[in-house]
Amino acid sequence: MLRWHSKYFYLVFVFFLLVFPAAEAAAEPAAFTRSEQRADCANSQANRQALFGDLHVHTSYSFDSFVANQKNTPWDAYRYAKGEAITLPDADGEQTVVAQLRRPLDFTAVTDHAEFLGEMNICTSDASVFAYWMPHCIMTRAGNFYVRLMAAQYWVGLGVAGEGKTKERSYVCSVPGKGCAAGAAEYWSNIQQAAEDHYDRSADCSFTTFIAYEYTDAPGFKNMHRNVIFRNENVTQTPISTYDTGSYQFPRLWQQLREQCIDGQDNCDVLSIPHNPNLSGGLMFRDPESGAELQDRLFFEPVVELIQHKAASECRYDRLLGRGLDTRDELCTFEQNKTDNLQSLAVLFGEMQIEGGAPVPLDRFGRRNMVRNVLKDGLALEQEKGVNPFVMGFIGSTDTHSASPGGAEEDNFTGHLGQRDAGYRNVQDHFEDNPGGLAVVWAEENSRDAIFSAIRRKETYATSGTRPIVRFFAGFDIDKDACAGSDVVAQAYREGVPMGGSLGAAAAGAKPRFLVTALKDAGSGSKPGNDLQRVQIIKGWLDTDGVSHEAVVDIAGSADNGAGVDHQTCQATGQGLKTTCTVWEDRQFDPAQRSFYYVRVLENPSCRWSTLQCQAVGVNPF
């Protein structure tokens, strides 16, 4: 199956109603502040560098990873991210698959589920604990794959997908002995220690870790999960989970993070990253129910995860119907999941096992499952309430449950769900899944403070797995010939604002200009990166009647560049752009209309992982 292997680059610029005088040009980039004890990095760049990472990673500490016979710990996940090999289960459950990245990552956060940290510790780590021998613990460790799937159903129904406002704890927590609180404390300590052990505090700055976890609320299987990322070693005493907040209550997560971290202790900073909202049943981005909720969303959630192994959430278009979910953008077919909730994963033996996992008709699909619609709705809410609650930058990640952060290479994809998608099971049961994406930040150096600050200011983008270098600036004073300058980036910082920023007021008659540079993924070793096909700017705006609109504009390259793939070998044919620099002016700009812009970069066509795996065993989908 052919695939547009797009580099999703998401940056939001919000233009406000016309006021005078014109906004002043930006000065030099503001430096981050150091909040921890460590050496300064030898490689530090004032105009920032692109760093590639993964902020959504599960290990054997997560119940859904362990029941998939995945035995690697947080320490192993960090080893994998740094380029070392780990061993994963094959389709029969034997630990025979050797997995290794071609290129190490720059940063990673292990984000095991806060829910059941204690239970997994009790059930899997210490046979001397009485609760270790309780029935559901035995099922979780069972050698039989189907018994473990039944255990997974128990855990999910108990504390993740239950519909009640409060969550019921497992009976194993009340068995005399260790107790779930002590088990969770032990695993939380381990998570912190693994992050410390692999964090390079020397001047080499070769690898950065973050202490993190996942907050996992999915009532009725509607995904409202969030990854909680701490800035430094100062963290909450325990991970705040849905047992602390109740279900449907993610604003309480922000409240408790403020109480226990931001206001509750010195030098503690934290953010939460919403998961891919395509499976949220429309619940991830509700209208704020209070001013506090609005402000907390803006503070704690500066970015959203746009792509991961359970598909992309930019926008949706149905090619068969010939229409989209409030879009006419035909490229919104990229890596779509036709189900709007987590029951989409309930495929076994090639058949959907649960009615709720069936495809959802386009007209019933949650409109705000797609982030472009969320951005447009944010403009309308700003007009109504005076503040836009949905001003977000964007990242990608894998959501691997195989302790394989950054394992997003199409031709090196070993699955992300342990035994559940190993070998033939991947194509059979997880065809709609994909290797996932990467998070990219523009930071001065590879350290916690620099990366965290980049995420805070939304100077980030998402890719669907490869590593192009993309920059995006906007300003009313950007020189239309800026690409011919000797120091393009420094000039752009002086004359405009970078990705994730907001422009102020426009002088009468002024039109915003956008500078975009894109450099193809260089690849590695014998595996070159794909050329670029084209660069697009996506604009959303609100007209004077309060109706939202969008437009997609090609600003470099062409869809008709003649590039493709050889149907027998999947080798690339034709050529595209190696690098490009473009200044585009929005001549249709109306300062009375609120608007946002982001960039989308498309590579030349390439073969999807499923095509490559089928061809490897002698079946050619072409």
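Residues numbered from 1 in each chain as written. Predicted model: local features only at pLDDT ≥ 70, side-chain atom pairs only at ≥ 80, totals over all residues. Heavy atoms only, no water.

**Re the state of the cysteines**
To keep things clear, this is the line we draw: Note on disulfides: each one is a pair of cysteine sulfur atoms within 2.5 Å. When a residue's accessible area, from a 1.4 Å probe over protein chains only, is under 20% of the maximum for its type it is buried; when over 50% it is exposed; and in between it is partly exposed. Comment: elements are numbered from the N terminus, with helices defined as DSSP H or I runs of at least four residues and strands as E runs of at least two.
Applying the stated criterion across every chain, the model contains seven disulfides. Residue pairing for Cys 261: its cysteine sulfur links by disulfide to Cys 268, the two sulfurs lying 2.0 Å apart. Torsion about the S-S bond of the Cys 261 and Cys 268 cystine: about -105°, corresponding to left-handed handedness. Taken as a pair, Cys 261 and Cys 268 share a single burial class, namely buried. Paired by a disulfide, Cys 315 and Cys 332 hold their sulfur atoms 2.0 Å apart. Across the S-S bond of Cys 315 and Cys 332 the torsion is about -90°, and the bridge reads as left-handed. One end of the pair, Cys 315, is in the loop between strand 12 (311-312) and strand 13 (317-318); the other, Cys 332, is in the loop between strand 14 (323-324) and strand 15 (347-348), with 17 residues separating them in the sequence. No difference in accessibility class separates Cys 315 from Cys 332, as the two residues are buried. In this structure Cys 614 is a free cysteine whose sulfur lies 10 Å from that of Cys 570, the closest cysteine sulfur available. Residue Cys 614 is classed as buried on the basis of its relative accessible area, which comes to 17%.

**With respect to the pairing of strand 28 (residues 595-603)**
Basically, it comes down to this: Whether two strands pair comes down to DSSP finding at least two bridges between them.
A large share of strand 28 lies buried, amounting to nine of its nine residues. Burial along strand 28 is two-sided: Ser 595, Tyr 597, Val 599, Val 601 and Glu 603 and Phe 596, Tyr 598, Arg 600 and Leu 602, pointing in opposite directions, are all buried. Sheet topology places strand 23 (residues 532-542) next to strand 28; nine bridges connect them, and they run antiparallel. Note that in strand 28 the partner of Ile 538 across the bridge is Tyr 598.

**Side note on the environment of Pro 498**
Topologically, Pro 498 is positioned in strand 21 (residues 497-498). The spatial distance from the C-alpha of Pro 498 to the C-alpha of Gly 509 is 22 Å, given a sequence separation of 11 residues.

**Examining the sheet that holds strand 11 (residues 303-308)**
Within the open sheet, the three strands sit side by side as 12-11-17. Their pairing is mixed. Bordering the open sheet on either side are strand 12 and strand 17 (393-396), each of which pairs with just one other strand. The pairing of strand 11 with strand 17 spans four bridges and is classified as parallel. Paired with Val 304 across the two strands is Phe 394, which belongs to strand 17.

**Considerations on the pattern of salt bridges**
Proximity of charged atoms lets side chains of opposite charge pair with each other. Stated formally: We define a salt bridge as a side-chain nitrogen of Lys or Arg found within 4 Å of a carboxyl oxygen belonging to Asp or Glu.
Using the criterion set out here, one finds 47 salt bridges in the structure. The salt bridge partner of Lys 167 is Asp 217, with a shortest N-O separation of 3.5 Å. Residue Lys 167 is located in the loop between helix 5 (145-159) and helix 6 (180-198), and its partner Asp 217 is located in the loop between strand 8 (212-215) and strand 9 (226-230); the two are separated by 50 residues in the primary sequence. Judged by its relative accessible area of 0%, Asp 217 is buried. As a salt-bridge pair, Glu 384 and Lys 385 come within 3.8 Å of each other at their nearest N and O atoms. Salt bridges sharing partners connect three or more residues here, namely Asp 287, Glu 314, Asp 326, Asp 329, Arg 367, Arg 368, Arg 372, Lys 376, Asp 377, Glu 550 and Arg 600.

**Concerning the nonpolar core**
Condition: Throughout, nonpolar core names a set of buried Ala, Val, Leu, Ile, Met, Phe, Trp, Tyr and Cys residues whose side chains join them through atoms within 4.5 Å. The contact criterion used throughout is that any non-hydrogen atoms of two residues lie within 4.5 Å.
Formed by 88 residues in total, the largest nonpolar core has its most connected members in Trp 155, Tyr 213, Phe 230 and Ile 537. Excluding anything up to four places from it in sequence, Trp 155 contacts Phe 63, Phe 116, Glu 119, Met 120, Cys 123, His 136, Thr 140, Val 160, Ser 170 and Val 172. Core analysis: the second largest hydrophobic core is formed by 20 residues, Leu 51, Val 303, Ala 443 and Ile 455 among them.

**Points about the pairing of strand 11**
The buried count for strand 11 comes to six of six residues, which makes it a mostly enclosed element. Sheet topology note: the strand 11/strand 12 ladder contains two bridges and is antiparallel. Directly across from Gln 308, in strand 12, lies its bridge partner Ala 311. Once strand 11 ends, the chain turns through two residues before running back antiparallel as strand 12.

**Here's the deal with the sheet that holds strand 3 (residues 49-54)**
This is how it is decided: Angles run from 0 to 180 degrees between N-to-C directions of axes, and those axes are lines fitted to C-alpha atoms, restricted for helices to the stretch in contact.
One open sheet accounts for five strands, arranged 7-6-3-18-19; its pairing is mixed. Strand pairing shows two members of the sheet lacking a second neighbour, strand 7 (208-210) and strand 19 (460-463), which therefore form its edges. Looking at each pair of strands side by side, their axes are set apart by 25° on average, direction ignored. In this sheet, strand 19 lies alongside strand 18 (residues 438-443) in antiparallel orientation, the contact comprising four bridges. Following the sheet pairing, Ala 439 is matched in strand 19 by Ala 462. Taken strand by strand, helix 12 (residues 448-456) contacts strand 3, strand 6 (107-109), strand 7, strand 18 and strand 19, and its axis lies near 105° from that of strand 18.

**Points about unusual backbone geometry**
The phi dihedral of Asn 69 falls on the positive side, at around 65°, and the residue is not glycine. By secondary structure assignment, the location of Asn 69 is in the loop between helix 1 (63-66) and helix 2 (74-81). Residues other than glycine seldom take positive phi values, yet Lys 458 does so here, at roughly 70°. Locating Lys 458 in the fold gives a position in the loop between helix 12 and strand 19. For Lys 458, a relative accessible area of 15% corresponds to the buried category.

**Observations concerning the environment of Asp 329**
Let me state the cut-off plainly: The definition of a polar contact used here is a pair of N or O atoms within 3.5 Å, where within protein one atom must be able to donate a hydrogen and the other to accept one, and adjacent residues in sequence count solely through side-chain atom pairs.
Looking at where Asp 329 falls in the secondary structure, it is placed in the loop between strand 14 and strand 15. Classification of Asp 329 as buried rests on a relative accessible area of 8%. For Asp 329, the contacting residues outside a window of four places in its chain are Cys 315, Tyr 317, Arg 372, Glu 550, Val 552 and Arg 600. Within the structure, the side chain of Asp 329 is placed 2.9 Å from the side chain of Arg 372, a separation counted as a polar contact.

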